[in-house]
Amino acid sequence: MAAGKEIRNKINSVENTKKITKAMEMVAASKMRKAQEKMRSSRPYSDKIKDVVGHLSQANPDYTHPFLETNENAKKSGIIVVSTDKGLCGGLNTNVFRKTLSKIRDIESEGKEVEALAIGNKAVSFLSRIDVNIISSFTQIGDSPDVQELNGAIKLIVDSYKNGNLKEIYLFYNNFINTMSQEPKEEKYLPLSSKDLEPVNNYSWDYLYEPDAAVVIDDLLLRYTETQVYQAVVENIASEQSARMVAMKAATDNAGNVIDELKLVYNKTRQASITKEL
């Protein structure tokens, strides 16, 4: 009964796969809770620093930071792409890459070149495949991204903008909505518009600056841009673990269905063999 033995081998193989996907689902579920806590804990800081920077930018209109100006004469544009280091998380990376590719084509259609900051191994591979110049990268993110290393990678592309080499910078990442839903997002990273910095509260404050307004606003705007990328990274990590848990659960369920179908085929084959012997 060679056919029956072959089917049994297939059943054993799929059962082993099911055990692996079930274990990966449980690991992803555990990491997902921690990632969501980290993501939610950083949101209030991100919102508050945006509010403070908005008030400061309105309180001192005589000083214009380079982040608020557009480099119209620049022949390049920048992109920051946030992805995962590993796969097995459904279409999470594919969705954000599709949005990124659309923007790259729009930029190139205007006759401009593209420079990129790649965050995550998948982003490095994607941008390398489509021949985009990667000026810096940050990989092996882990569950808790190192802020200093991340800011070091950001500095290169931000300095390129401050020096007038980039007309604009766009940020691409997956925004966490809930466990079942993650939204690929495209945001204008630089230049910052007055609309982006509009404070939540529609009142203005007077400030005493120490040492002076330019130094304070420079430091705060730099911190704000770093916070934007950090928030995008932790949002992407939470999205990754949620997507991986859902993908592994679907794989486990599919493996169970395949096993049931193979067992049915095996029983029919065995019954036919017995009937033929009789």
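The model shown is predicted, which means the values in this text are computed figures rather than measured ones.

Caption draft 1: Region of the structure containing the overall build of the protein. Helices and strands together make up the secondary structure of the protein, namely 5 helices and 5 strands. Element order for the protein, N to C, with α for helix and β for strand: α-β-α-β-α-β-α-β-β-α. By the compact-globule yardstick of 19 Å for 278 residues, the protein is too spread out, its C-alpha radius of gyration being 25 Å. Principal-axis analysis of the C-alpha atoms places the extent of the protein at approximately 100 × 40 × 30 Å. Sorting the 278 residues of the protein into buried and exposed places 42% on the buried side. When contacts within the protein are restricted to residue pairs at least 6 apart in sequence, those whose partners lie at least 24 apart make up 79%.

Caption draft 2: Seen up close, a positive patch on the surface. On the surface, Lys31, Arg33, Lys34 and Lys86 cluster together into a patch of positive charge. Here lysine 34 lies in helix H1 (residues 2-59). Overall, lysine 34 belongs to the exposed group, its relative accessible area being 58%.

Caption draft 3: Fine view of the nonpolar core. Ile80, Ile119, Leu150, Ile169, Tyr189, Val229 and Val233 are the most contacted members of the largest nonpolar core, which totals 36 residues. When contributions to this core are tallied by element, the ones reaching two or more residues are H1, strand S1 (76-82), strand S2 (113-119), helix H4 (147-162), strand S4 (166-178), strand S5 (181-190) and helix H5 (213-277). Sorting elements by how many residues they give to this core places H5 first, with 10 residues. Setting aside its immediate chain neighbours within four residues, tyrosine 189 contacts Ile80, Ile154, Val158, Ile169, Tyr170, Leu171, Thr225, Glu226, Gln228 and Val229. Grouped together as the second largest cluster of nonpolar side chains are 15 residues, Val81, Ile104, Ala116 and Tyr170 included.

Caption draft 4: Up close: H4. Along its 16 residues, H4 runs 21 Å from first to last C-alpha, staying within 8% of the 22 Å computed at 1.5 Å per residue. The axis of H4 is deflected most strongly, by about 30°, at lysine 155. Contact partners of the buried residues in H4: S1, S2, strand S3 (133-138), S4, S5 and H5. Looking at where H4 begins, the residue whose side-chain oxygen comes 3.1 Å from the main-chain nitrogen of glutamine 148 is aspartate 146. Just downstream of H4 lies glycine 164, where phi reads positive at about 85°.

Conventions we followed
Residues numbered from 1 in each chain as written. Predicted model: local features only at pLDDT ≥ 70, side-chain atom pairs only at ≥ 80, totals over all residues. Heavy atoms only, no water. Helix = DSSP H or I, 4+ residues; strand = E, 2+ residues; numbered from the N terminus. Rg over C-alpha atoms; globule rule 2.2 N^0.38 Å. Buried < 20%, exposed > 50% of the residue type's maximum accessible area, 1.4 Å probe, protein only. Contact = heavy atoms within 4.5 Å. Patch = residues over 30% accessible without salt bridge, like charges linked within 9 Å, V, L, I, M, F, W, Y side chains within 5 Å. Areas by Shrake-Rupley, 256 points an atom, 1.4 Å probe, with all protein chains shown as cover. Salt bridge = Lys/Arg side-chain N within 4 Å of Asp/Glu carboxyl O. Lys, Arg positive; Asp, Glu negative; His and termini not counted. Charge placed at Lys NZ, Arg CZ, Asp CG, Glu CD. Core = buried A, V, L, I, M, F, W, Y, C linked by side-chain atoms within 4.5 Å. Expected span 1.5 Å × (residues − 1). Bend = angle between axes of the 7 residues up to and from the residue. Polar contact = N/O pair within 3.5 Å; in protein donor to acceptor, adjacent residues only side chain to side chain.

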